[in-house]
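Architecture at a glance
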Amino acid sequence: MMEEKKNIFSFIGEAFCTYSIAVIILTITAAVTGDEAGEISTLFRLGSQGIPLSALVQFLAVAFLTTGLRYLFSMDWMVKRVPPLLRVLFMCVLIVACIVLFTNLFGWFPADMWEPWAAFAACFLLCFAGGTVTMIVKTRLENRQMAEGLRRLKESMGKEEKDEV
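Thresholds applied
- Residues numbered from 1 in each chain as written.
- Predicted model: local features only at pLDDT ≥ 70, side-chain atom pairs only at ≥ 80, totals over all residues.
- Heavy atoms only, no water.
- Helix = DSSP H or I, 4+ residues; strand = E, 2+ residues; numbered from the N terminus.
- Rg over C-alpha atoms; globule rule 2.2 N^0.38 Å.
- Buried < 20%, exposed > 50% of the residue type's maximum accessible area, 1.4 Å probe, protein only.
- Contact = heavy atoms within 4.5 Å.
- Areas by Shrake-Rupley, 256 points an atom, 1.4 Å probe, with all protein chains shown as cover.
- Lys, Arg positive; Asp, Glu negative; His and termini not counted.
- Charge placed at Lys NZ, Arg CZ, Asp CG, Glu CD.
- Axes fitted to C-alpha atoms, helices over the stretch in contact; angles between N-to-C directions.
- Parallel < 35°, antiparallel > 145°, perpendicular 65-115°, else oblique.
- Left-handed = near helix turned anticlockwise from the far one by under 90°.
- Nonpolar A, V, L, I, M, F, W, Y, C, P; charged D, E, K, R; others polar.
- Core = buried A, V, L, I, M, F, W, Y, C linked by side-chain atoms within 4.5 Å.
- Phe/Tyr/Trp six-rings, centres within 6.5 Å; stacked < 30°, edge-to-face > 60°.

**Topic: the overall build of the protein**
- Across its full length, the protein carries five helices and zero strands.
- In sequence order, the protein lays out its α and β elements as α-α-α-α-α.
- Its C-alpha radius of gyration of 22 Å places the protein more than 25% over the 15 Å reference for a compact globule of 165 residues.
- Viewed in the frame of its principal axes, the protein has a C-alpha envelope of about 80 × 35 × 25 Å.
- Out of the 165 residues in the protein, the part that is buried amounts to 25%.
- Long-range pairs, those at least 24 residues apart, make up 59% of the contacts in the protein with a sequence separation of at least 6.
- About 11,500 Å² of surface is accessible on the protein, with carbon and sulfur atoms providing 70% of the total.
- For the protein, the separation between the mean place of its 15 positive charges and that of its 16 negative charges on side chains is 8 Å.

Structural data, given as structure tokens:
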């Protein structure tokens with residue numbers, strides 16, 4: 001797998017990508033259930049008319065926090081010391097804890113209603129599965145490209161050796 005050098009620009013890019021996906025999901029949810037959910041959630045207090053600015057800022061903060069967690073759990077020292085499954089598990093637990101904290105702080109939905117929590121869990125699992133599939137496909141494509149490049153390099157080196165003889 002080709003590993004890119006992580007820097008502030010890749011971090012910001014990933015955070016805004018996460019934010020964009022979250023806002024798209026939030027927009028679709030607002031369009032579908034906004035008028036009904038507006039009575040119980042600060043996220044949808046405008047109903048299907050839009051998303052409050054405060055909610056957008058909160059989601060931006062969550063996007064940066066979750067991207068920070070992803071970076072933390074992919075750091076070299078973490079990769080060397082913690083097995084992959086454990087890293088993913090810890091990262092997911094911390095992301096869910098972050099969402100729970102924001103939910104309680106900003107009244108995204110009532111803590112005592114199971115329906116919004118079930119919807120959150122379904123959405124989280126769907127997004128996690130989608131991200132996992134995307135990363136698997138990306139890794140396979142990169143590995144295929146690397147193998148093809150190595151094959152071409154070996155062929156060209158073989159031809160050079162024959163030309164020298």
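**Considerations on the packing of helix H1 (residues 8–37) against helix H2 (residues 53–73)**
- Their axes nearest at 8 Å, the elements H1 and H2 cross at an angle of 130 degrees. Relative to H2, H1 is oriented oblique. Read as a crossing pair, H1 and H2 show a hand that is right-handed. Contact with H1, carried on its side by Ser10, Phe11, Ile12, Glu14, Ala15, Phe16, Thr18, Tyr19, Ala22, Val23 and Leu26, involves Leu56, Phe59, Leu60, Ala63, Phe64, Thr66, Thr67, Gly68, Arg70 and Tyr71 of H2 and no other residues of that element.
- Its residues assigned to classes, the contact of H1 with H2 comprises 14 nonpolar, five polar and two charged.

**Observations concerning the nonpolar core**
- Counting residues in each nonpolar core, the largest one holds 25 residues, and the members touching the most others are Leu26, Leu43, Phe44, Phe59, Ile99 and Trp108.
- Elements that contribute at least two residues to this core include exactly H1, H2 and helix H4 (84–106).
- Here leucine 43 is in contact with Leu26, Ile51, Pro52, Ala55, Phe59 and Trp108, once residues within four sequence places are set aside.

**Quick word on the packing of aromatic side chains**
- This structure, assessed with the given rule, holds ten aromatic pairs.
- When the centroid spacing of 5.8 Å and the interplanar angle of 45 degrees are considered together, the rings of phenylalanine 102 and tryptophan 108 count as tilted.
- Classification of phenylalanine 102 by relative accessible area gives buried; the value is 9%.
- For tryptophan 108, a relative accessible area of 4% puts it in the buried group.
- Plain terms: the ring middles of phenylalanine 120 and phenylalanine 124 are 6.0 Å apart, the flat faces sit at 40 degrees to each other, and that makes the pair tilted. You can see phenylalanine 120 and its partner phenylalanine 124 sitting in helix H5 (residues 114–164), four residues apart, about one turn around the helix.
- Overall, the relative accessible area of 17% leaves phenylalanine 120 in the buried class.
- An aromatic cluster of three or more residues is present, and its members are Phe109, Trp117, Phe120, Phe124 and Phe128.

Remember that the coordinates give geometry; whether it matters functionally is a separate question.
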